[in-house]
Amino acid sequence: MARLNVNPNRMELSRLKKRLVVAKRGHKLLKDKQDALIKAFLERAREGKVLREELESELAECYKSFLLARAQTLPAMLEQALMISGAKCDLHVGMQNVMSVLVPVYSVEQGGSPVNYGLATSLGSLDVALERFAALIPRLIALAAKEKAINLMAVEIEKTRRRVNALEHVLIPGFVETIRYITMKLDEQERSTLSRLMKIKEIVRSH
Amino acid sequence: MAPAEQYGYAVARLRAMSGRLLEEALLQRILESEDLDSALKVLSETVYSSWLMELKGSGEFDRAIEAELLHVYGEVQKFVPDTALVQLCRLPYDFHNVKVLMKSALLVREGGERRFDLLTSLGNVPVDDLIMALESEDFRLLPFGLHQLVPHCFSVWEQSKDILEVEKLLDGGLFSAMRKLGAATGIEAASMWIRGKIDAENVRNLLRMKRMDMETGAVAGFLHDGGLISREKLLSLFSEPVESWSKILSFADVSKAFSHVQEINNLNSLVVEMEKVLDEYVADIVERAKYLAFGPENVISYLWKKEMEAKNLRIALVSVSNDTDRTLARGLFRHVG
């Protein structure tokens, strides 16, 4: 493991020991955060998957109704009916803190009627399709929020995992190695001083 | 009305043209095609072949259907003694064009863009004339009561900003123009067909509003006068459950339509099913024309069948191009006879 490029002295040793304690504490905290994030992520991912599957089948039904309308009329007439919409959709975005990840929370307010066209030049199947689409919008937006949260949490998990790995496999072993090196160096210096002193003492005694 | 003898040639031509209407077996073949290209290949064996050659891509099949319909309207108009009968069938397209231009004008005022691409040449009034009239706000020369209706619609929009009100006025104007045109021909069968068509439209609208759970007060605006069933009778129908409608309307021919529907409890599917059944009811009104050698109703009968053919073809091609459930599409086919 790569040793840090530091002067082997007692001051550096004590500084490194302090840093090692902080790194170990940080590693534990980040590891806990990562575990909690993964747990929350998996929960949301499971919910998101169920919701997406439900919505995809409902969307297929909506498109089927829309196709019925499309098949039975001139495409221009269908588009003409939808030129001016009567429905209004207000979207509010809030933020929620999940394990220090800011995930969006959308709320939607629907107003007006999606059926805003004359009945003589349009079809009943279009009413059915539009109502189905309108009913699906809040759930589609909820799915969007859920998937965005999953996305942000995945990025955060990846970031945390990198930090944990960096601490676990680079920083902490680096500190340990450097501390061991400085300790050895200091012990070596101490032994050298001791032997020098003994030698001097012996010379002095012989005279 | 032109003398009945003059219809001899027209009816003979129409009988010959009826022979070229797409048969059910051919529609089934189209529907069973693997993809759109093979469906169009089957279609190219029919009168549609010349229009198919002009298409840039297979996805433009709607243009071929529209072109054939336009060609038929043009042909029939040339030899029919009373051209008003053809005008009658083309009238909904005029009102569609007016709606497109009005909505475009309203969108432009709010920073939107014009949608001239949605105009169709199937109407009686040339598209350029309509554009000119609406762009220059010179409505004087517009036919079918549009010269009064269009400025009225603009003023209603200015006051209410409610496009539904404008649409209701235009829909009302369409049926009023049809009634006037029918009465002007002096052909009893044409008037009866229009009355039957208004009944079918009213029943269809009532059903749609019932499904939407609309307030009773708002219903009257969507009903049209001039049908065989009075507006009051229809309004009283609205508060009754749909199951009892056929019984209450048993005095009118349109009640027969209810006997053809299967799922009367599910309003969503009932609305879709009734569209088909009521189209067939409108065709049945002039069905006796096939026994008349000089009957002007043959014109309406043929043109309505051509419209239904276009609808059937569109259903089949849309189903093939989107690879949807073929049984569903088969159930939507109108009986052309």
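Residues numbered from 1 in each chain as written. Chains lettered and ligands numbered in written order. Predicted model: local features only at pLDDT ≥ 70, side-chain atom pairs only at ≥ 80, totals over all residues. Heavy atoms only, no water.

Secondary structure summary: chain B contains 17 helices and zero strands in total. For chain B, the C-alpha radius of gyration of 21 Å lies close to 20 Å, the compact-globule estimate for 337 residues. Its C-alpha atoms put chain B at 55 × 50 × 50 Å along the principal axes. Relative to its 337 residues, chain B shows a buried fraction of 54%. Considering only intrachain contacts with a sequence separation of at least 6, the fraction spanning at least 24 residues in chain B is 63%. When the accessible surface of chain B is summed, it comes to about 14900 Å², and 50% of that surface belongs to carbon and sulfur atoms. Placing the 39 positive and 51 negative side-chain charges of chain B at their respective mean positions leaves the two points 2 Å apart. (Helix = DSSP H or I, 4+ residues; strand = E, 2+ residues; numbered from the N terminus. Rg over C-alpha atoms; globule rule 2.2 N^0.38 Å. Buried < 20%, exposed > 50% of the residue type's maximum accessible area, 1.4 Å probe, protein only. Contact = heavy atoms within 4.5 Å. Areas by Shrake-Rupley, 256 points an atom, 1.4 Å probe, with all protein chains shown as cover. Lys, Arg positive; Asp, Glu negative; His and termini not counted. Charge placed at Lys NZ, Arg CZ, Asp CG, Glu CD.)

Turning our eyes to something else, we now look at the pairing of strand β2 (residues 101-111) of chain A. Residue and element names in this part refer to chain A. Judged from the eleven bridges that link them, strand β1 (residues 88-98) and β2 form a sheet pairing that is antiparallel. If you follow G94 over to β2, its bridge partner there is V105. Hairpin remark: β1 followed by β2, antiparallel, with two residues in the connecting loop; positive phi at M99, about 50°. (Pairing = 2+ DSSP bridges.)

Residues and elements named next belong to chain B. The final tally for this structure, using the stated rule, is 43 salt bridges over all chains. Linking R204 and E275 is a salt bridge whose minimum nitrogen-to-oxygen distance equals 3.4 Å. Linking R204 in helix α10 (residues 188-211) with E275 in helix α15 (residues 267-285), this pair joins segments that are 71 residues apart in sequence. Taking the relative accessible area as the measure of exposure, R204 reaches 11% and is therefore buried. Given the relative accessible area of 2%, E275 is considered buried. Ionic contacts of the salt-bridge type, sharing partners, join the residues K99, K103, E167 and D171 into one network. (Salt bridge = Lys/Arg side-chain N within 4 Å of Asp/Glu carboxyl O.)

Let us look at the nonpolar core. Membership of the largest hydrophobic core comes to 131 residues, with the highest contact counts inside it found for B:V76, B:W193 and B:L317. Ranked by residue count, the leading element in this core is helix α6 (residues 84-109) of chain B, at 14 residues. With residues up to four places along the chain from it excluded, the contact list for B:W193 reads B:L88, B:C89, B:M178, B:V282, B:I285, B:V286, B:I300 and B:W304. With 13 residues, the next largest nonpolar core counts A:A23, A:L30, A:I172 and A:L186 among its residues. (Core = buried A, V, L, I, M, F, W, Y, C linked by side-chain atoms within 4.5 Å.)

To continue, consider the interface of chain A and chain B. Quoted interface sizes are often the accessible area lost when the parts come together. With 31 residues of chain A at the interface, the matching set in chain B holds 44 residues. Between chain A and chain B, the buried area comes to about 3300 Å², and carbon and sulfur atoms account for 64% of it. Linking chain A with chain B are four salt bridges, by the criterion used here. Across the pair A:R70 and B:D62 runs a salt bridge, and its minimum N-O distance is 2.4 Å. Summed over the shared surface of chain A and chain B, the result is 18 residue pairs in polar contact (both at pLDDT 80 or more). If you list the elements that add at least two residues to the side of chain A that touches chain B, you get α1 (10-71), α2 (75-81) and α3 (124-206) of chain A. Residues belonging to the side of chain A that touches chain B are distributed by class as follows: 16 nonpolar, nine polar and six charged. (Buried area = accessible area lost by both parts, 1.4 Å probe. Polar contact = N/O pair within 3.5 Å; in protein donor to acceptor, adjacent residues only side chain to side chain. Nonpolar A, V, L, I, M, F, W, Y, C, P; charged D, E, K, R; others polar.)

Glancing now at a nonpolar patch on the surface. Residue and element names in this part refer to chain A. Residues L91, V93, M95 and L102 make up a contiguous nonpolar surface patch of about 420 Å² in total accessible area. With three residues, β1 is the largest single contributor of residues to the nonpolar patch. Along the chain, the position of V93 falls in strand β1. (Patch = residues over 30% accessible without salt bridge, like charges linked within 9 Å, V, L, I, M, F, W, Y side chains within 5 Å.)

As a further point, take α6(B). All names here are of chain B. For α6, built from 26 residues, the straight-helix expectation of 38 Å at 1.5 Å per residue is met to within 8% by its first-to-last C-alpha distance of 36 Å. Counting buried positions along α6 yields 22 of 26 residues, so the element is predominantly enclosed. Immediately beyond the C-terminal end of α6, within one or two residues, lies G111, with a positive phi of roughly 90°. (Expected span 1.5 Å × (residues − 1).)

Moving on: the side chain of B:S255. All names here are of chain B. Mapped onto the elements, S255 comes out in the loop between α13 (245-248) and α14 (256-259). We classify S255 as buried; its relative accessible area is 11%. Among the polar contacts listed, one links the side chain of S255 to the backbone oxygen of L249, at a separation of 3.4 Å. At 2.8 Å, the side chain of S255 and the backbone oxygen of A252 are in polar contact. In this structure, S255 is in contact with S246, L249 and S250, ignoring residues within four places of it in sequence.

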